[in-house]
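This is what each chain is made of:
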Amino acid sequence: MNFDNYRLDVADGIATVTFDRPPVNAQNRQTREEAIRIFDMISDRDDIRVAILTGAGKVFSAGADVKERVGLAKEPGDYVRHNRLAREYFYALSDCSKPVICAVNGAAFGAGFALMLACDIMIAADDAYFVMPEVDVGLAGGAGFLMQHFGKSMARYMYFTARRIPATELYRLGVISACVPREKLMDEAMTIAREIAAKSPKAVREIKRAFNVVEEMPTRDGYRYEQTITIDLSHTEDAKEAQQAFVEKRKPVFKGR
């Protein structure tokens, strides 16, 4: 399947999704619709166990295509439909049944920043930087994503000032998991992806679902929910294979059952 704004490559259980809309990977209706289709497809494909999202060129994503917003509301409901699509675009990544690793290759502005924050694991090139410029272009959105990852003061500082925050600072704060030279970025992403792809795909899917469900639960209720997943997983062929392989001191061979 071909897409106008993304390249999709699948090998060894890993899907690499490259955002490729020159010159700066700005997000418009078509890019959002295509991304939703891609990550919904990844959810359903048994030959994919983990996905990597990155950008082509020197910019990860310049955020929302402001040019598209000029004259957007031609009829009642146009903005409502636009906003609904924008929301589902981000949640297509977080709702994807497979883990999504974001490899930020360059600058990420506004919705590009939020796109990274919607992923499961985030890494970046050491010369990348992040900006929330919404206040400067008459927009709002993304505060909820920021508040999931930053404290009150830092989230508001980034939003109200629209200052550039280097990837090295996000790594220092523990927001991203790795900050590496740009030429090593995809190697790092692939290393992480291969480790995940080697795990039981059923267990990984269920654990991602648990993360999403328990996020807003009280700790006690969340843990109780996770225990139900543990019970279900204990009856799978993969769990039995993992335990047998541990006893036999060999690598397990998982079948996703």
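The structure under discussion appears in the preceding block.
None of these values were measured; they are calculated from a predicted model.

### Some details on the layout of surface pockets
Working step 1: The calculated volume of the largest pocket comes to roughly 1300 Å³.
Working step 2: In terms of lining, the largest pocket is formed by 43 residues, of which the most central are Ser94, Leu117, Ala118, Phe145 and Gln148.
Working step 3: Mapped by element, the contributors of at least two residues to the lining of the largest pocket are α3 (78-95), α4 (111-117), β7 (121-125), α5 (143-149) and α9 (201-214).
Working step 4: In terms of residue class, the lining of the largest pocket is made up of 22 nonpolar, eleven polar and ten charged.

### Section: the pattern of salt bridges
Working step 1: Tallied over the entire structure, the rule returns ten salt bridges.
Working step 2: The partner of Arg7 in a salt bridge is Asp20, with the nearest N and O atoms 2.7 Å apart. With Arg7 in strand β1 (residues 6-11) and Asp20 in the loop between β2 (14-19) and α1 (29-44), the pair connects residues that are 13 residues apart, well separated along the chain.
Working step 3: Classification of Arg7 as partly exposed rests on a relative accessible area of 41%.
Working step 4: By relative accessible area, which is 24% here, Asp20 ends up partly exposed.
Working step 5: Between Lys208 and Asp120 there is a salt bridge whose closest N-O contact spans 2.7 Å. Residue Lys208 is found in helix α9, and its partner Asp120 is found in the loop between α4 and β7; the two are separated by 88 residues along the sequence.

### Topic: the sheet that holds strand β9 (residues 165-166)
Each strand in a sheet pairs with its neighbour through backbone hydrogen bonds, running either in the same direction (parallel) or in the opposite one (antiparallel).
Working step 1: One open sheet accounts for four strands, arranged β4-β6-β8-β9; its pairing is mixed. Every other strand in the sheet has two partners, leaving β4 (59-61) and β9 as the edge strands with one partner each.
Working step 2: Two strands pair when backbone bridges link them, and strand β8 (residues 129-131) and β9 are joined in this way by two bridges, in the antiparallel orientation. Counterpart to Phe130 in the pairing with β9 is Ile165.

### A closer look at the packing of aromatic side chains
Working step 1: For the coordinates displayed, the defined rule picks out seven aromatic pairs.
Working step 2: Taken together, the ring pairs connect Tyr89, Phe90, Tyr91 and Phe145 into an aromatic cluster.

### Topic: the packing of α9 against helix α10 (residues 219-234)
Working step 1: Orientation of α9 relative to α10, taken along the N-to-C sense of each, is 165°, at an axis distance of 10 Å. Between α9 and α10, the angle is such that the two are roughly antiparallel. Two packed elements cross with a definite hand, and for α9 against α10 that hand is right-handed. Residue-level contacts link Lys202, Ala203, Glu206, Arg209, Ala210, Val213 and Val214 of α9 to Gly222, Tyr225, Glu226, Ile229 and Leu233 of α10.

### Re the state of the cysteines
Working step 1: Overall, the coordinates contain zero disulfides when judged by the stated rule.
Working step 2: The structure places no disulfide on Cys96, whose sulfur is separated from the nearest cysteine sulfur, that of Cys119, by 9.6 Å.
Working step 3: For Cys96, a relative accessible area of 2% corresponds to the buried category.
Working step 4: Lacking any disulfide linkage, Cys102 is separated from the closest cysteine sulfur, that of Cys119, by 4.2 Å.

Reading the values: rules and limits
Residues numbered from 1 in each chain as written. Predicted model: local features only at pLDDT ≥ 70, side-chain atom pairs only at ≥ 80, totals over all residues. Heavy atoms only, no water. 1 Å grid on protein atoms, 1.4 Å probe; cavity = no way out; pocket = protein on both sides within 12 Å on 5 of 7 lines; lining within 4 Å. Points joined across faces, edges and corners; volume = space filled by probe spheres on them. Helix = DSSP H or I, 4+ residues; strand = E, 2+ residues; numbered from the N terminus. Nonpolar A, V, L, I, M, F, W, Y, C, P; charged D, E, K, R; others polar. Salt bridge = Lys/Arg side-chain N within 4 Å of Asp/Glu carboxyl O. Buried < 20%, exposed > 50% of the residue type's maximum accessible area, 1.4 Å probe, protein only. Pairing = 2+ DSSP bridges. Phe/Tyr/Trp six-rings, centres within 6.5 Å; stacked < 30°, edge-to-face > 60°. Axes fitted to C-alpha atoms, helices over the stretch in contact; angles between N-to-C directions. Parallel < 35°, antiparallel > 145°, perpendicular 65-115°, else oblique. Left-handed = near helix turned anticlockwise from the far one by under 90°. Contact = heavy atoms within 4.5 Å. Disulfide = S-S within 2.5 Å.

Keep in mind these values describe shape, not function.
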